[in-house]
Amino acid sequence: MRGFATGSRVADALRIATERLPGVEARREAEILLEAVLQRGRAWLFAYSDAVLTDADLARFDALVQQRADGQPVAYLLGQREFFGLTLRVSPATLIPRADTETLVEQALQLLGARQGVRVLDLGTGSGAMALALAHHLPHSEVWATDRSDAALQIAQGNAQQLGIGNVHFVAGDWWRALPPDVGAFDLIVSNPPYIDADDPHLQEGDLRFEPRSALVADEHGLADLRCIIDGAPAHLSPGGWLLLEHGWQQGEAVRDLLCQAGAREVATVTDLGGQPRVSLGRW
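This write-up is about the structure you can find in this document. (Residues numbered from 1 in each chain as written. Predicted model: local features only at pLDDT ≥ 70, side-chain atom pairs only at ≥ 80, totals over all residues. Heavy atoms only, no water.)

For the chain, the count of helices and strands is eleven helices and nine strands. For 284 residues, the compact-globule estimate of 2.2 N^0.38 gives 19 Å, and the C-alpha radius of gyration of the chain, at 21 Å, lies within 12% of that figure. If one aligns the C-alpha atoms of the chain with their principal axes, the spans along those axes are about 65 × 40 × 30 Å. For the chain, the proportion of its 284 residues judged to be buried stands at 50%. Contacts in the chain between residues far apart in sequence, at least 24 positions, make up 64% of those at least 6 positions apart. On the chain, the mean spot of the 24 positive side-chain charges and the mean spot of the 37 negative ones are 3 Å from each other. (Helix = DSSP H or I, 4+ residues; strand = E, 2+ residues; numbered from the N terminus. Rg over C-alpha atoms; globule rule 2.2 N^0.38 Å. Buried < 20%, exposed > 50% of the residue type's maximum accessible area, 1.4 Å probe, protein only. Contact = heavy atoms within 4.5 Å. Lys, Arg positive; Asp, Glu negative; His and termini not counted. Charge placed at Lys NZ, Arg CZ, Asp CG, Glu CD.)

This brings us to the nonpolar core. Counting residues in hydrophobic clusters, the biggest one holds 33 residues, and the most contacted among them are Val-168 and Leu-244. Of all the elements, helix α7 (residues 129-137) adds the most residues to this core, at seven residues. Filtering out sequence-adjacent residues up to four positions away, Val-168 remains in contact with Ala-131, Leu-132, Ala-135, Val-143 and Ala-145. Counting residues in each nonpolar core, the second largest holds 30 residues, with Leu-179, Leu-208, Leu-223 and Ile-230 among its members. (Core = buried A, V, L, I, M, F, W, Y, C linked by side-chain atoms within 4.5 Å.)

Another point: helix α6 (residues 99-112). The α-helix advances 3.6 residues per turn, and as a result positions three or four apart in sequence lie on the same side. Between its first and last C-alpha, α6 extends 21 Å over 14 residues, near the 20 Å set by a 1.5 Å rise per residue. Among all positions in α6, only Thr-101, Thr-103, Leu-104, Val-105, Gln-107, Ala-108, Leu-109 and Leu-112 are buried. In this fold, the buried residues of α6 make contact with β1 (80-83), α7, β6 (186-191), β7 (237-246), β8 (265-271) and β9 (277-283). Positive backbone phi, at 60°, marks Gly-113, one or two positions downstream of α6. (Expected span 1.5 Å × (residues − 1).)

Moving on, we come to the packing of helix α1 (residues 10-20) against helix α4 (residues 55-69). Here α1 crosses α4 at 20°, and the two axes come no closer than 10 Å. The orientation of α1 relative to α4 falls into the category roughly parallel. Where α1 crosses over α4, the two elements pack in a sense that is right-handed. On α4, the residues that touch Ala-13, Ala-17 and Arg-20 of α1 are Leu-58, Phe-61, Asp-62, Val-65, Gln-66 and Ala-69. Split into classes, the residues belonging to the contact of α1 with α4 amount to six nonpolar, one polar and two charged. (Axes fitted to C-alpha atoms, helices over the stretch in contact; angles between N-to-C directions. Parallel < 35°, antiparallel > 145°, perpendicular 65-115°, else oblique. Left-handed = near helix turned anticlockwise from the far one by under 90°. Nonpolar A, V, L, I, M, F, W, Y, C, P; charged D, E, K, R; others polar.)

Laid out in structure tokens, this is it:
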């Protein structure tokens, strides 16, 4: 094992792992990985920093640290990620849910207010993050979730079952073509579609290197799928219905223009936690 000696204490293991991991989050990532190995919380690591780790625990921790040092996302190593208070299973078949996307869910719930019994659609659901968060907070509503990836849909359906959320219908298919002809109209449609240009250098950095490219990259400088969703939205929204879209920080103006061209009213863009334009919306 790389630097971990038999009889290493918790504090020793965390120090060595932090030295092996890159980036400013190295210490916290080391703690998260060791928490997973030991099935203990962060408070336990601090309270029992002198506890001696077994050889089996050290071997598993060493393997996880090396995979992370090689660039594997922590979420994929653990097989889960928290989103909007829900613990979701994730895999390389799905995008890793991010805090920026919580901005979209917050905005959707704010627009709906106290309404219940609404119909919601999540296009390209991935792990089911947005659909399940909305269904959880709108238990008397009907939520539909689509994805063209069968593997991703299996993850999303498993998350729904694990969380005991039963008001979501999952269907396979590409954007609007996934919906049955008699599905009816929706009060709210949300999507976090692919919106990165194929030549964007960020695709070669960080977690993006390991996430499914089909869920990240779109033609037309990242706007093709956004355009497809916007063009189809009016035919699938109830009168007064909203469309909310996540997009790149530099795409706000282009997405607002597409919304206006499609006849949307009350068009606006909302910033994410970092203050970057992240979610654009419109109402028909």
